[in-house]
Amino acid sequence: MTGKLGNAFSAMLKRSRITLEQAIEAIEIYQEILLEIVEIDLKEAVRLAGNHKIYAYDAYILRCAIEHNLPLISLDQNMIEIAKQEGIQVLDV
């Protein structure tokens, strides 16, 4: 997850959507969040990946949101659209 988070912040910095100070502050807040590793239905994740022509990694995140009734936070517009199609609540960033 650290890699995706770093990529998201670097993309926002590159597009001048946030300042370096804002990125550092957000990372500090993120590091305070307790994370839990959970299992997902792998067959359903692969089915989701196949139906939407997305990578399995993205499907895992979507399946996790579905199975645990969690909202999605993403900068990836394709993921946001698929989440909405799948009935997943999406939180604006």
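Here, every reference points to the structure presented above.
Let me sum up the structure you'll find in this document. (Residues numbered from 1 in each chain as written. Predicted model: local features only at pLDDT ≥ 70, side-chain atom pairs only at ≥ 80, totals over all residues. Heavy atoms only, no water.)

Our next topic: helix α1 (residues 2–14). Its 13 residues place the ends of α1 18 Å apart at the C-alpha level, agreeing with the 18 Å of an ideal helix rising 1.5 Å per residue. Just beyond α1, the residue with positive phi is Ser-16, at close to 55 degrees. (Helix = DSSP H or I, 4+ residues; strand = E, 2+ residues; numbered from the N terminus. Expected span 1.5 Å × (residues − 1).)

One can describe the packing of helix α3 (residues 42–52) onto helix α4 (residues 56–67) by two numbers: an axis separation of 8 Å at closest approach and a directional angle of 120 degrees. Judged by the inter-axis angle, α3 sits oblique to α4. Between α3 and α4 lies a crossing of right-handed hand. Here α3 contributes Leu-42, Glu-44, Ala-45, Leu-48 and Ala-49 to the contact with α4, which in turn contributes Ala-56, Ala-59, Tyr-60, Leu-62 and Arg-63. Counted by class, the contact of α3 with α4 contains 8 nonpolar, no polar and 2 charged residues. (Axes fitted to C-alpha atoms, helices over the stretch in contact; angles between N-to-C directions. Parallel < 35°, antiparallel > 145°, perpendicular 65-115°, else oblique. Left-handed = near helix turned anticlockwise from the far one by under 90°. Contact = heavy atoms within 4.5 Å. Nonpolar A, V, L, I, M, F, W, Y, C, P; charged D, E, K, R; others polar.)

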